[in-house]
Amino acid sequence: MVKDDLCITVPTYFRCPISLDIMKSPVSLCTGVTYDRSSIQRWLDDGHNTCPATMQVLQTKDFVPNRTLQSLIQIWTDSVRQRIELPGSNSVPPRDHVLQAIADLDSNGSDRFGSLKKVVHFAQDSEPNRVFLAKIDHFVPLLVRLLDNVDDGVEFLEQVVKALGLVLDKIEDREGLKNRMLKGEKQRCLDSLLLVLQRGSSDSRIASARVLKFIAVDVEAQLLIAEKEDLVTELLNLATPEKDSALIESCLASLVAISGPKRNKLKLVNLGVIKMLSKLLLSESNMSAAVVEKVLRLVETAASTMEGRKEICEDAACVAAILNKVLKVSSMATEHGVTTLWSLCFLFRDCKAQEAVTQANGLTKILLLMQSNCSPHVRQMCTDLLKIFRVNSKSCLSSYDTKTTHIMPF
């Protein structure tokens, strides 16, 4: 940082006339003079009935928030902070500076937060930079050690998670990362990830979800993650229609990654995964194909349990929404959706699910799907479903009274 950057001139009208500090909550008296709320409140509480700057007697001791000035102060403060944190206008630190920053982090230097931000900025700049960081032997273990200390505060942990998320794809020893995070000395990495999911920014939440997915490499890891019930609940809470699409997809990917063991499937159902998935399927927001695929995969997973099937079948709108997605998204979404309908209607012969599909014009949609370029596996499941709905369709046709002459295709 050059010397000039340290010489910051504060506009006079940003300072409180009493404390001379930059105002945090500017308020104006009836005289038109603006003060910081805490300072003028203290003045008035001491029994004064005059304006400190003009010494005019106050007609009223009420004051009004000066929103315009507060906004200007905030804009100015943000610009100053950005100049201090990133001198040189987004200049990327050279590798030797990054290595020094990592050394400072490792030795608990005085400015650990600044060192960590420098590393994150370096990693965000390019793919070669991320490869460079991942190849430093002690870098990933250092990040895990930092993540294992949940008491460092959410802002610091956000930067740790961002740094780890940026180099995830470059980590070759995935098993080693899993063991360090889930079987480490303090075993508090999951607590830190939960804290970031609860209180972090959208970017850091996405990074946390990506880290969870990355370490869910086997059944053992999946069970250990799901044991942290608050963590699973938070992932479900963040995967709702009003959230950012990228955040929804990351959270769904994490839920898919841990949903393999039967114990975890039941936990997801008990924690309300069906309601969350139903909201997404029925949402009017324009979900990406990747999001819909993951939603339908989780529905299929839940439908493999008795409890999950019961909850899905109780929600006719959810069943109809699944049917509506089988022709509109992708071949993967089609397979997940058809597998769920086949399981509910054919394999387990649930009458409520059959009725919901019938009411949603399911027979026509299944026929259209069979005529499309679907996989042999999907076509076979559609054939099984047609056997179920054939009787219903005949009964519907028998009650169809019309004078119209139909041209038969054969």
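Analysis parameters
Residues numbered from 1 in each chain as written. Predicted model: local features only at pLDDT ≥ 70, side-chain atom pairs only at ≥ 80, totals over all residues. Heavy atoms only, no water. Helix = DSSP H or I, 4+ residues; strand = E, 2+ residues; numbered from the N terminus. Rg over C-alpha atoms; globule rule 2.2 N^0.38 Å. Buried < 20%, exposed > 50% of the residue type's maximum accessible area, 1.4 Å probe, protein only. Areas by Shrake-Rupley, 256 points an atom, 1.4 Å probe, with all protein chains shown as cover. Lys, Arg positive; Asp, Glu negative; His and termini not counted. Charge placed at Lys NZ, Arg CZ, Asp CG, Glu CD. Core = buried A, V, L, I, M, F, W, Y, C linked by side-chain atoms within 4.5 Å. 1 Å grid on protein atoms, 1.4 Å probe; cavity = no way out; pocket = protein on both sides within 12 Å on 5 of 7 lines; lining within 4 Å. Points joined across faces, edges and corners; volume = space filled by probe spheres on them. Nonpolar A, V, L, I, M, F, W, Y, C, P; charged D, E, K, R; others polar. Contact = heavy atoms within 4.5 Å. Axes fitted to C-alpha atoms, helices over the stretch in contact; angles between N-to-C directions. Parallel < 35°, antiparallel > 145°, perpendicular 65-115°, else oblique. Salt bridge = Lys/Arg side-chain N within 4 Å of Asp/Glu carboxyl O.

### Comments concerning the overall build of the protein chain
And then number 1: Of the regular secondary structure elements, the protein chain holds 23 helices and three strands.
And then number 2: For 410 residues, the compact-globule formula gives about 22 Å, and the C-alpha radius of gyration of the protein chain, at 30 Å, lies well above that figure.
And then number 3: Counting all 410 residues of the protein chain, 46% fall into the buried class.
And then number 4: Put simply, the protein chain shows about 21,900 Å² of open surface, and 51% of that area lies on carbon and sulfur atoms.
And then number 5: Side chains of the protein chain carry 50 positive and 49 negative charges; the gap between the two charge centres is 5 Å.

### Side note on the nonpolar core
And then number 1: L133, M181 and L252 are the most contacted members of the largest nonpolar core, which totals 112 residues.
And then number 2: In this structure, F14, L29, L44 and W76 belong to the second largest nonpolar core, which totals 17 residues.

### With respect to empty space enclosed by the protein
And then number 1: One pass over the full model with this rule turns up two cavities of 30 Å³ or more.
And then number 2: The calculated volume of the largest cavity comes to roughly 40 Å³.
And then number 3: In this structure, the largest cavity is lined by L323, V326, V338, L341, K365, I366, L369, C382 and L385.
And then number 4: Secondary-structure elements contributing two or more residues to the lining of the largest cavity are α20 (331–347), α22 (362–371) and α23 (376–398).
And then number 5: No other element matches the three residues that α22 contributes to the lining of the largest cavity.
And then number 6: Taken together, the residues of the lining of the largest cavity sort by class into eight nonpolar, no polar and one charged.

### Concerning the environment of H138
And then number 1: Following the sequence through the fold, H138 ends up in the loop between α6 (127–134) and α7 (139–147).
And then number 2: By relative accessible area, which is 39% here, H138 ends up partly exposed.
And then number 3: In this structure, the C-alpha to C-alpha distance between H138 and I102, residues 36 residues apart in sequence, is 9.3 Å.
And then number 4: When sequence neighbours within four positions are dropped, the list of residues in contact with H138 reads I102 and D106.

### A short note on the packing of helix α12 (residues 219–227) against helix α13 (residues 229–238)
And then number 1: At a minimum axis distance of 5 Å, the contact between α12 and α13 shows a crossing angle of 85 degrees. Taken together, α12 and α13 sit at an angle that is classed as roughly perpendicular. Across the interface between the two elements, I225, A226 and E227 of α12 pack against E229, L231 and V232 of α13.
And then number 2: Here the residues of the contact of α12 with α13 sort into four nonpolar, no polar and two charged.

### Let's talk about the side chain of D36
And then number 1: Within the fold, D36 resides in strand β2 (residues 34–36).
And then number 2: For D36, which is buried and forms no salt bridge, the nearest opposite charge comes from K24, at a distance of 6.6 Å.
And then number 3: With sequence-adjacent residues up to four places away left out, D36 is seen in contact with C16, M23, K24, S25 and P26.

Without other data, these values stay purely geometric and don't point to any function.
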